[in-house]
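Inside the fold
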Amino acid sequence: MKRLKRAGVCFAAAILLLLSGCWNYHELETYSIVSGVAVDKGQNGYKYHLSFECVDISETGENGGVQPLIIEADGNSVFDAVRSTQRESDKKLYFNHCKVVILSSGLAKEGIKPILDWFLRDAEPRVTLKFLVSKDPTAEEVLSVKPQSGQITAFQIVNTLGENASFYGSSPTMQLYEVNNTLNSDGIALTLPAIETKKAQNGTTVQLAGLSVFRGDRQIGWLDDLPSKYFAFVRGKIAGGLILTGEGLDAAGLTLEILRSKTEVRPRVSGDRVTIRIEVHLEATVGEQNSAKNYLLENGFEGIQDHAEKTLETGITGMVGQVQKQYGSDIFGFGGKIHEDLPDDWDRLKPKWNKLFQTVKVEVSAEVKLRNSARVVQEGGK
Amino acid sequence: MGGSDSFAGSKLPSDSLDRNMTYLKDLFTGDETLIFRTLENRRERKTDRFCLVYEDGMVDNRLLNQDVIRPLLEFRFGTDGNAGLIDVVASEVTLSDSVEKTEDVEKIIQGIVYGDTVLLAEGCARALILNTKGWKTRSIQEPETERVLRGPREGFNESLLMNLSMLRRRLRTQDLKVKFLTFGRRTKTRACICYLNSVVNRAVLRELENRLEKIDIDGMLDTNYICELIRDAPYSSVKTIGATERPDVAAAKLLEGRVALVLDGTPMVLTVPHLFVEHFQSDEDYYLNYVFATVGRLLRILAFVITLCLPAGYVAMTTFHQEMLPTPLLMSIFVARQGVPFPTALETLLMLVVFEMLRESGARMPGIMGQTLSIVGALVIGQAAVDAKIVSAPIIIIVSLTGICGLMVPRIKGYVIVHRFFLLAFSCVLGMYGLLLGIIVLLAGLFSMTSFGIPVMSNVYSKNLQDEKDLYVRAPWWMMLKRPNFLSRNRTRQSTAGKSK
């Protein structure tokens, strides 16, 4: 009896321990690694047309055997399209290493929430998946461009996004979870990086093209390169990049490189009058002095700082005004900030925030600190 | 230690030399190395007859000739009877450091077979056992398995007394206690327990003595016999008894409060209790700068983890959790896997077995054939197998890394080999979850293991900082003021704290 009991305990333990794992043994080479997905409107009665860029690896061949393989499929849901690839592909599509999802503008204008669901729900795609909107008519065009470096367009795009954030700052990356969080929060609207194809000397290539602006989950327009950069300042998403400044006609005489940047947004509410104060604290160095005038000698650090501060202030004010007027969508998250800092006021303002946003008064103050001038010629030595 | 062929209690049959000789000859029938040398001394008008009995090759012949035979022939014995003859020989004639007078046949036999000479005299019912041991032993050499770059180079050899002398030379104190035992019904192997009386943990000593008492075996050729007979968990592959060939290591362990067991005929000296961390402690740790020693020890611990978990981790990552691999790495493994006929799990298992075969053949093979092995191993199994797409290149890397790390911790070899396959089996079925489950099982096993009442992981979970100073790091000597808590009674190692500069 005791023996039987012991055997029972062992059996129960074995079942509990062994069956709770994921029995998901799968050899690597039976997968087709998806690097990027393009989502377009479907034709012939289908709702979606999806293009998957897969990494096709063969043992030999040029380029280290890595080649892109575009698989296209139609479907009435995203998952449907994903699985209907299995009619032609001998390997199961594998999304764990998928880097980017490119949405066509046409689809984005109709709302992206239905598309997001599968990417969020399925076990394979990661929440760090990066989302972009294609400025070209279809997203597929972007994905099927031959990349400049390497073989896989999706890898190039994701690297470009990363380098852009560190050294240019025009298209802040949005990952799947951020997209979802933004869509489900009040007082902030979504922006996604925009991407477009570009004619180059030898064929076509892709480039980032600022941002696409959303209201709710529908795309309503675009922001160009420079405004996108100022947008990134407001959101505090600047990690690097340049500021072109100067005096009067010599508007780009000075180029500063951003070292560090911090932004504080402070809302003030009195009745229905909302004032937002944006303080940008910036550390920079002089990167280039492309001018006949020697700003360093004539104006010194303080002078250059003043120039840069003025440039930032007018730039940001202008951009915010443009967004208020043109789109009326709170992509800066001012509403969210009021919610955080002044929750009582927010409860009152929330129902009419869409209208109020356009009347928000914005005060921008920038504080630029030059860390060094990288001077190559001694003073007086000319 | 008795047995059916024991002569305990029986006595020499008579006081007649001839009858005693016949009796011994009968006992040793078939042993042609046994020599009976009869002598007659007629100096005082009376004939005194003696017989020397010894095993050829076991005695020092010159010593026998000069210090036993010559005095026996030249001594002028008195004329009064034969009764006191043997006493006279013992006290006045022979030049021997150890003389034992006995009539016990068992003792006589033991003396003869262990290089002593037995002297029988006419008219005496008792015999003298004279110490004339003289055989060649291996000289003192540096042990092959425990070489050091810096530190003492002496190693134990196969002679019990010589080993004890090496130990004694390092611990010149009356506090070193040495207690003799005999094992093996037929081999009658001598062994001894050594400990420092004022430091040793009494409970451990008592436990060891109790377990040794229960041993009843016919032959005892190496300390591993004892090891397996008295170990705490007979089925486990965790070592609970340490073994060393180095007198300096043995002395250090005694100083920490451990008990050593030296066995005649083997250079391997056992020490108990044996903690898990001792697998990673090298004697050289204490002879080199502590920074360097600490780096070495951390590397050894890391190597242990790698050699245990790497193959299992690789299988889990590439067949269950491909999302955990960075994309470029995934792609290169992907390329390497193209066209390989076996599943990753089988491939890993096969290559691990092949590696163990290579290692085993390397260990058993005569040295001159080493080159053949390395060529076959490296070229045929490594390169050719990858080129022929029988196995994938990453597997070779994984297995080699596993092997190299395994060679870094040779003391825990057995445990590693068994449990590497154990973890691999778990991860083949359950992926990373299985690997973690397996590791938990192993840890539970280790933490519940005791060595002579001392948990082998006791210093790992000790809250005492002094116990940690010789664990992951080797603290400088001026910081190690106390002996390990759980091992010894008297914990003070240095009473004046700190550096003496």
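As shown above, the structure is provided for reference.
Here we summarise the structure given alongside this text. Fair warning: this is a prediction, and the values are worked out from it, not measured in the lab.

Interfaces are often described in size by the accessible area the parts lose on coming together. Listed per partner, the contact involves 26 residues of chain B and 27 residues of chain A. Between chain B and chain A, roughly 2400 Å² of surface is buried when both sides are summed, and carbon and sulfur atoms account for 65% of that area. For the interface between chain B and chain A, the tally reads 2 salt bridges. For Glu27 of chain A, the salt bridge goes to Arg337 of chain B, with nearest N and O atoms at 3.2 Å. Viewed at the interface, chain A and chain B are joined by 13 residue pairs in polar contact (both at pLDDT 80 or more). Put simply, the parts of the chain that give the side of chain B that touches chain A at least two residues each are helix H9 (290-319), helix H10 (327-337), helix H11 (344-364) and helix H14 (413-448) of chain B. Here the element with the most residues in the side of chain B that touches chain A is H10 of chain B; it accounts for 7 residues. Grouping the constituent residues of the side of chain B that touches chain A by class yields 16 nonpolar, 7 polar and 3 charged.

Attention now moves to the sheet that holds strand E5 (residues 127-130) of chain B. All names here are of chain B. Here 5 strands make up an open sheet; going across it, the order is E1-E2-E4-E5-E3 and the pairing antiparallel. In this open sheet, the two strands that pair with only one neighbour each are strand E1 (34-41) and strand E3 (99-102). Looking at each pair of strands side by side, their axes are set apart by 25° on average, direction ignored. Bridge analysis of E1 against strand E2 (residues 48-55) gives 8 bridges, and the strand direction is antiparallel. Opposite Arg37, over in E2, you have Leu52 as the bridge partner. The strands that helix H1 (residues 17-27) touches are E1, E2 and strand E4 (117-121); relative to E2, the one it contacts most, it runs at about 10°.

Between two packed helices, what matters for the description is the angle formed by their axes and the separation of those axes. All names here are of chain B. Two elements in contact, H11 and helix H12 (residues 370-387), have axes whose closest approach is 10 Å; the angle formed by their N-to-C orientations is 165°. Here H12 runs roughly antiparallel to H11, going by the angle between their axes. H11 and H12 meet at a crossing whose hand is left-handed. Contacts from Met351, Val354, Leu358, Ser361 and Gly362 in H11 reach Leu373, Gly377 and Ile381 in H12. Among the residues forming the contact of H11 with H12, the class breakdown is 5 nonpolar, 3 polar and no charged.

Under the counting rule described, the total for this entry stands at 49 salt bridges over all chains. Lys352 of chain A serves as the salt-bridge partner of Asp272 of chain A, at 3.1 Å between the closest nitrogen and oxygen. With Asp272 of chain A in the loop between strand E11 (250-270) and strand E12 (273-289) and Lys352 of chain A in the loop between helix H11 (343-349) and helix H12 (353-356), this pair connects stretches of sequence that are 80 residues apart. Take Lys352 of chain A: its relative accessible area is 34%, and that puts it in the partly exposed class. Across the salt bridge formed by Glu158 of chain B and Arg138 of chain B, the nearest N and O atoms sit 3.0 Å from each other. Highlighted residues: Glu158 of chain B in the loop between E5 and helix H5 (160-170) and Arg138 of chain B in the loop between E5 and H5, separated in sequence by 20 residues. The partly exposed category is assigned to Glu158 of chain B, whose relative accessible area is 31%.

Sheet strands line up and pair through hydrogen bonds in the backbone, either parallel or antiparallel. Residue and element names in this part refer to chain B. Taken together, 5 strands build an open sheet; the order of strands is E6-E7-E9-E10-E8 and the sheet is antiparallel. Either end of the sheet is taken by a strand with one partner, and the two such strands are strand E6 (176-183) and strand E8 (242-244). Across this sheet, the average inter-strand angle for adjacent strands is 25°, counted without regard to direction. Two elements, strand E9 (residues 259-263) and strand E10 (residues 269-272), share 3 bridges in a ladder whose sense is antiparallel. Residue pairing in the sheet places Leu261 in a bridge with Leu270 of E10. Along the sheet face, helix H7 (residues 223-230) touches E6, E9 and E10 and points at about 130° away from the line of E9. Strands in contact with helix H8 (residues 247-255) are E6, strand E7 (189-196), E8, E9 and E10; relative to E7, the strand with the most contacts, it is inclined by about 50°.

Criteria and cut-off values
- As a convention, each chain's residues are numbered from 1 in the sequence order in which they are written.
- Written order decides the labels, with chains lettered from A and ligands numbered from 1.
- Only residues with pLDDT of at least 70 are given local features in this predicted model, and only at 80 or more are side-chain atom pairs given and counted; all residues enter the totals for whole chains, interfaces and linings.
- Side-chain figures throughout are based on the complete set of non-hydrogen atoms in the structure, without hydrogens or water.
- Whether two residues are in contact is decided by their heavy atoms, any of which lying within 4.5 Å being enough.
- Put simply, buried area is the surface a 1.4 Å probe can reach on two separate parts but cannot reach once they are joined, added for both.
- Salt bridges are identified by distance alone: a Lys or Arg side-chain nitrogen within 4 Å of an Asp or Glu carboxyl oxygen.
- N or O atoms closer than or at 3.5 Å make up a polar contact, with two conditions inside protein: a donor-capable atom paired with an acceptor-capable one, and, for residues adjacent in sequence, both atoms drawn from side chains.
- Numbering of helices and strands runs from the N terminus; a helix is a DSSP stretch of H or I covering at least four residues, while a strand is a stretch of E covering at least two.
- Three classes are used, and their members are as follows: Ala, Val, Leu, Ile, Met, Phe, Trp, Tyr, Cys and Pro are nonpolar, Asp, Glu, Lys and Arg are charged, and the others, Gly among them, are polar.
- Only strands that DSSP links by at least two bridges are regarded as paired with each other.
- Lines fitted to the C-alpha atoms define the axes, with helices restricted to the stretch that makes contact. Angles between their N-to-C directions range from 0 to 180 degrees.
- An angle counts as roughly parallel when it lies under 35 degrees, as roughly antiparallel when it exceeds 145, as roughly perpendicular when it falls between 65 and 115, and as oblique in every other case.
- Crossings are sorted by hand: turned counterclockwise from the far helix by less than a right angle, the near helix makes the crossing left-handed, and turned clockwise it makes it right-handed.
- Working definition: with a 1.4 Å probe on protein chains only, accessible area under 20% of the residue-type maximum means buried, over 50% means exposed, and in between means partly exposed.

Read these as layout, nothing more, since geometry by itself doesn't imply function.
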